[in-house]
Amino acid sequence: MTLRFRDDGTFRILQVSDIQDGPHVSEDTLQLIGDAVREADPDLVVLTGDQIRGYDPAYIDTFISRRGDRPGDHVRVVSRLEAALEHVPSQRELCRRNTLPAPDEDTLMECTRQNVRSTFSQFLGPIADHGVPFAATYGNHDFQCGIDVDEQDDLYREIDGCLNPVAGSGPLALEPGTFALPVLSSRGERIAMGVMMVNSGDYALDGDASRAVPSTGPVSSGAHPVVQGRGLDLVDSDGYGVPSAAAIGWLADAEHELSARNGDGMPVPAIAFQHIPTQEFYDCLREVPWWTMNAVEGTRAFSGRCFLLDETVCRPGSMLGESVNCADINVGEVAAMRHAGGYFALFAGHDHKNAYVGHAGGFDLGYAPTCGFASYGPDADLRGVRLLTFHEDDPAAYQTRMITWGELGGGTVHDKLRLFLGDYGAADAPTVRNQLRRPKVAGVIGVAAAGLLGAIAAHQRRQ
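Rules behind the numbers
Within any chain, residue numbers begin from 1 and follow the written order of that chain's sequence. Local features in this predicted model are restricted to residues whose pLDDT is 70 or higher, and side-chain atom pairs enter the listing and the counts only when it is 80 or higher, whereas totals over whole chains, interfaces and linings include all residues. As a rule here, side-chain values come from all non-hydrogen atoms in the structure, and water together with hydrogens is ignored. Each helix corresponds to a stretch of at least 4 residues labelled H or I by DSSP, and each strand to a stretch of at least 2 residues labelled E; elements are numbered beginning at the N terminus. In what follows, a contact means two residues having at least one pair of non-hydrogen atoms within 4.5 Å. Shrake-Rupley sampling with a 1.4 Å probe provides the accessible areas, and residues are treated as covered by the protein chains on show and by no other component. For two strands to pair, DSSP has to find at least two bridges joining them. The axes used here are C-alpha line fits, helices contributing only the stretch in contact, and every angle between their N-to-C directions lies in the interval 0 to 180 degrees. To sort the angles, those under 35 degrees are grouped as roughly parallel, those over 145 as roughly antiparallel, those from 65 to 115 as roughly perpendicular, and the leftovers as oblique. We call a crossing left-handed when the near helix sits turned anticlockwise from the far one by less than a right angle, and right-handed when that turn is clockwise. All amino acids are sorted into three groups, where Ala, Val, Leu, Ile, Met, Phe, Trp, Tyr, Cys and Pro are nonpolar, Asp, Glu, Lys and Arg are charged, and the leftover types, Gly among them, are polar. A pair of aromatic rings is counted whenever rings of Phe, Tyr or Trp (Trp by its six-membered ring) have centres within 6.5 Å, and the orientation is called stacked for planes under 30 degrees apart, edge-to-face for over 60 and tilted otherwise. Think of it in three bands: with a 1.4 Å probe and only protein chains considered, a residue is buried below 20% of the maximum accessible area for its type, exposed above 50%, and partly exposed in between. Charge-over-ring placement is defined geometrically: NZ (Lys) or CZ (Arg) within 6 Å of the ring centre, and within 35 degrees of the ring normal. Only buried Ala, Val, Leu, Ile, Met, Phe, Trp, Tyr and Cys residues count toward a nonpolar core, and they belong to the same one when joined by side-chain atoms within 4.5 Å. By definition here, a salt bridge exists when the distance from a side-chain nitrogen of Lys or Arg to a carboxyl oxygen of Asp or Glu is within 4 Å. Each residue after the first adds 1.5 Å to the expected span of a helix.

A.B. asks: Would you explain the overall build of the protein chain in this entry?
C.D. replies: Across its full length, the protein chain carries ten helices and 16 strands. A sequence separation of at least 24 residues applies to 74% of the contacts in the protein chain between residues at least 6 apart. Of the roughly 19,800 Å² of accessible surface on the protein chain, a fraction of 55% belongs to carbon and sulfur atoms.

A.B. asks: Any chance you could explain the sheet that holds strand S3 (residues 44-48) here in plain terms?
C.D. replies: One key point about sheets: their strands pair by backbone hydrogen bonds, in either a parallel or an antiparallel sense. The five strands lie next to each other as S4-S3-S2-S15-S16, forming an open sheet whose pairing is mixed. Each having just a single partner strand, strand S4 (134-137) and strand S16 (399-404) make up the two edges of the open sheet. Direction aside, the axes of adjacent strands within the sheet are offset by 20° on average. With six bridges joining them, strand S15 (residues 384-391) and S16 adopt antiparallel strand pairing. Within S16, the position partnered with Arg-386 by the bridge is Met-402. The sheet contacts of helix H1 (residues 27-40) involve strand S2 (10-16), S15 and S16, and relative to S2 the element is tilted by about 170°.

A.B. asks: Any chance you could explain the packing of helix H6 (residues 245-262) against helix H7 (residues 333-340) here in plain terms?
C.D. replies: A packed helix pair is summarised by two numbers, namely the angle formed by the two axes and the spacing between the axes. Look at H6 against H7: their axes get within 9 Å of each other, and the N-to-C directions meet at 20°. Judged by the angle between their axes, H6 and H7 are roughly parallel. For the element pair H6 and H7, the recorded crossing hand is right-handed. From H6, Ile-248, Leu-251, Ala-252, Glu-255 and His-256 reach across to H7, where they touch Glu-333, Ala-336, Met-337 and Ala-340. Considered class by class, the residues forming the contact of H6 with H7 number six nonpolar, one polar and two charged.

A.B. asks: How should I be thinking about the packing of aromatic side chains in this particular structure?
C.D. replies: One pass over the structure, following the stated rule, counts 17 aromatic pairs. Between Phe-344 and Tyr-398, the ring centres sit 5.9 Å apart and the planes meet at 35°, which makes this aromatic pair tilted. In this pair, Phe-344 is assigned in strand S12 (residues 343-348) and Tyr-398 in the loop between S15 and S16, connecting sequence segments 54 residues apart. Ring geometry for Phe-347 versus Tyr-398: centroids 6.1 Å apart, planes at 70°, classification edge-to-face. One end of the pair, Phe-347, is in strand S12; the other, Tyr-398, is in the loop between S15 and S16, with 51 residues separating them in the sequence. Across the pair, Tyr-398 and Phe-347 agree in class, each one buried. Sitting over the ring of Phe-143, Arg-67 keeps its end group 4.3 Å from the ring centre. Over the aromatic face of Tyr-398 sits the side chain of Arg-315, whose NZ or CZ is 4.5 Å from the ring centroid.

A.B. asks: Before we go on, may I ask you to explain the nonpolar core in this structure?
C.D. replies: The tendency in soluble globular proteins is for nonpolar side chains to be buried as a group. Ranked by size, the top nonpolar core spans 43 residues in total, and within it Met-196, Phe-281, Leu-285, Val-324, Tyr-343, Leu-346 and Tyr-356 carry the most contacts. Where this core is concerned, the elements lending two or more residues are strand S6 (178-184), strand S7 (191-197), H6, strand S8 (270-273), strand S11 (306-309), H7, S12 and strand S14 (363-367). If near-sequence neighbours (up to four positions away) are discounted, Val-324 is found in contact with Pro-277, Thr-278, Phe-281, Tyr-282, Leu-285, Thr-299, Asp-351, Asn-354, Tyr-356 and Tyr-367. Core analysis: the next-biggest nonpolar cluster, separate from the first, contains 38 residues, Ile-147, Cys-162, Phe-373 and Ala-380 among them.

A.B. asks: What is the right way to read the pattern of salt bridges from this model?
C.D. replies: Side chains carrying opposite charge are able to pair once their charged atoms draw close together. All told, the structure shown has 22 salt bridges when counted by the stated rule. For Glu-311, the salt bridge identified is with Arg-286, shortest N-O distance 3.4 Å. With a gap of 25 residues between them, Glu-311 in the loop between S11 and H7 and Arg-286 in strand S9 (residues 285-288) connect regions that are remote in the sequence. On the accessibility criterion, Glu-311 (53% relative accessible area) is exposed.

A.B. asks: Where do I start with H1 in this structure?
C.D. replies: Along an α-helix, a turn takes 3.6 residues, which lines up residues three or four apart on a common side. Between the first and last C-alpha of H1 there are 20 Å, a value that for 14 residues agrees with the 20 Å anticipated at 1.5 Å per step. Every buried residue of H1 is listed here: Asp-28, Thr-29, Leu-32, Ile-33, Gly-34, Asp-35, Ala-36, Val-37 and Ala-40. Those residues of H1 that are buried lie in contact with S2, helix H4 (105-129), S15 and S16. Within two residues after H1, Asp-41 carries a phi angle of roughly 50°, on the positive side.

Written as structure tokens, this is what we have:
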């Protein structure tokens, strides 16, 4: 399928991020995606990772915590608990109950493969029904189901409208999740814009630290390296991953290839999409005292510091709901884009409660929050997808807005308890402190504290 600007000179991209669901995709998620596609009328849908909830109970038999694990050897305690609460037996357990021989690994992997295929067909159904092409990259949870992204690429290509190329099939197709899509001008005589999909990795690997590059921008201020081994059932205890060294080099190569195809020697305006944000996303924030209402704490390399949106660089309507959960090192991805020329923006997902767009160092950095209802995130009304509208004569002067559940009039969600736990459930001490800085939470605590003090004073008066 050929992508091109419309006759009116516009091109619309819908960013869908962090669906993060199992084989039975939430009805609310499917409704949001379908309604948003109808509302946005996009020319392309980009899926920016964590489409798969790799730690879902359905994948207990094949779950991989980190690359190199044997499937099913390191299942998270919370996944086992969820499986017990939802009465989801593993394939091994089903065989034991029915006195059948234990399934071999090929059988278990085939079961997972069918579940992943079903998941894809469900959330892509509303997109395919409207005849909209799509492209997908990967996040830190996609591979954890046991089906590697190489094979997931094959499964995506089974669905009409998939634009993911075969890895290595050309200069614009580096690896699964890392490829470029040219967008032709409305007349089709030249490439007017490039859409770059980047596989940002999953979890930190040995050797990543040696790839760290010095930064001259404000992002380097106060950041410190983190060395931490795998913790007890903490999925991010090793830190998050980074794009491969090949991907960093490819960013310039792909830009040069697009320029060469035009034959005019001019950089082609390009936007990149990936899952995990880079450290530069902190440049869209300002540091504040720890007691500041609505402030969020930085994590790992940025721990011990609190932040709010920097309104001087962020667009109206931006939302900061949690820390920027980036890698502990900076491998120079944004610097490589700036040096290559043409690139004007990088958009990410990963942090389900963030939906800001900022301009820092002459470069746009933006988020789409989760559009799913099967994991943590903001209040239901704020879950959604991001629409970006580009103009052929100047793609960098794009407009963007969120299309949310609340705006679409989605109504009452099916699983209110999961939403409540996702929004207010405490995962760690920084998350607890972030919640305490929310005015409505702080207000409740203040009223409760005042009531307790009043009761104590009344009791003392009676003595």
